[in-house]
Amino acid sequence: MKKLIYFIAGLVACSMAFQSCHDNVTYADMLKDETKMINALIQDSSITVISQSEFFKQDSVTNLSRNEFVQLASGVYMQVVDKGSDNPADTIVSNDHVLVRFIEYNIADTMNVSCTNISYPYLVDEFRYTSSGTSVTGSFIGGAMRSTYQSQTVPPGWLTIFPFIRDGAHVKLIVPSKMGHDASQQYVHPYYYDLRKVTFFK
């Protein structure tokens, strides 16, 4: 009987020790894990990372044959698949409404699709873009992102693309948690986005 009690006590102690170790995972540890996930994706996908200065020298486009992504100052990685309209004036201004079709992949969950509106012809995500000085925000009006995450806030990573694109653009993004939606920030999970036909109107 004593042996059984000692055995159970040992199991409880081990369980508590394991839980304690788990609880001791710090935010810094999670950020390190996130960086490893992003670096693994870059390596496994044969992505060529270029600097912003290289990007600007290339007229703010990325070389698709080299699978280039530019690393922006925000930490977001962006590939410009299609810059959009040929008219340089077709750029976004504050209070424009944005429509986008997209696929969101959870990098922490083996690139599984976690949210998309691609499969629903009648569904498109819409948000209002607002800029004031150096501050930009986006507020979802409707769509899959708002429905899935129960939030009107557009991921800040999405908003980083607008200085570099025009109406009708197609971009791909690797968004670290600090530039992601609330769930991304909470769990320190990075996401990969394919943003298609990013159009804006008054």
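What you see is a predicted model; the values in this text were computed from it and never measured.

## Some details on the overall build of the protein chain
Part 1 of the reasoning: The helix and strand inventory of the protein chain stands at 6 helices and 9 strands.
Part 2 of the reasoning: Counting only residues that meet the buried cut, the protein chain has 38% of its 202 residues in that class.
Part 3 of the reasoning: In the form shown here, the protein chain has an accessible surface area of approximately 11300 Å², with 55% of it arising from carbon and sulfur atoms.

## Quick look at the pattern of salt bridges
Part 1 of the reasoning: Inspection of the entire model under this criterion finds 3 salt bridges.
Part 2 of the reasoning: Ionic pairing is found between Arg196 and Asp194, a salt bridge with its closest N-O pair at 3.2 Å.
Part 3 of the reasoning: In this structure Asp194 comes out as buried when scored by relative accessible area, which is 7%.

## A word on the confidence of the model for the protein chain
Segments scoring low in pLDDT should not have their predicted coordinates read at a detailed level.
Part 1 of the reasoning: The predicted model of the protein chain averages 90 in pLDDT, with 89% of residues at 70 or higher.
Part 2 of the reasoning: Per-residue pLDDT stays below 50 along residues 1-21; that stretch engages in 0 contacts with residues further than four places along the chain or on separate chains.

## As for the nonpolar core
Part 1 of the reasoning: Core analysis: the biggest nonpolar cluster contains 34 residues, and Met78, Phe127, Trp158, Ile161, Phe162, Leu173 and Leu195 have the highest contact counts within it.
Part 2 of the reasoning: Secondary-structure elements contributing two or more residues to this core are strand S3 (77-82), strand S4 (97-106), strand S6 (125-132), helix H4 (144-149), helix H5 (156-159), strand S8 (169-175) and strand S9 (191-201).
Part 3 of the reasoning: The element that contributes the greatest number of residues to this core is S9, accounting for 5 residues.
Part 4 of the reasoning: The residues touching Ile161, leaving out its near neighbours within four places in the chain, are Met78, Val171, Leu173, Leu195 and Val198.

## A closer look at the environment of Val76
Part 1 of the reasoning: Locating Val76 in the fold gives a position in the loop between strand S2 (68-71) and S3.
Part 2 of the reasoning: Residue classification places Val76 among the buried positions, given a relative accessible area of 0%.
Part 3 of the reasoning: The spatial distance from the C-alpha of Val76 to the C-alpha of Ile161 is 9.4 Å, given a sequence separation of 85 residues.
Part 4 of the reasoning: Beyond its immediate stretch of four places on either side in the chain, Val76 contacts Val70, Gln71, Gly157, Thr160, Leu173, Ile174, Val175, Pro176 and Met179.

Conventions and cut-offs
- Each residue is numbered by its place in its chain's sequence as written, counting from 1.
- This being a predicted model, a pLDDT of at least 70 is required before a residue's local features are given, and a value of 80 or more before pairs of side-chain atoms are given or counted; all residues contribute to the totals for chains, interfaces and linings.
- Derived side-chain values reflect all non-hydrogen atoms in the structure, with water molecules and hydrogen atoms excluded from consideration.
- Secondary structure elements are defined from DSSP: runs of H or I of at least 4 residues count as helices, runs of E of at least 2 residues count as strands, and each element is numbered from the N terminus.
- The cut-offs for exposure are 20% and 50% of the maximum accessible area for each residue type, with area from a 1.4 Å probe on protein chains only; residues under the lower value are buried, those over the upper are exposed, and the others partly exposed.
- In these tables, accessible area is a Shrake-Rupley quantity obtained with a 1.4 Å probe, and a residue counts as shielded only by the protein chains included in the view.
- A pair is scored as a salt bridge if a Lys or Arg side-chain nitrogen falls within 4 Å of a carboxyl oxygen belonging to Asp or Glu.
- Confidence scores per residue from the predictor, reported as pLDDT, run from 0 to 100.
- In this description, contact between two residues means that some pair of their heavy atoms is separated by no more than 4.5 Å.
- Side-chain atoms within 4.5 Å link the members of a nonpolar core, which is a set of buried Ala, Val, Leu, Ile, Met, Phe, Trp, Tyr and Cys residues.

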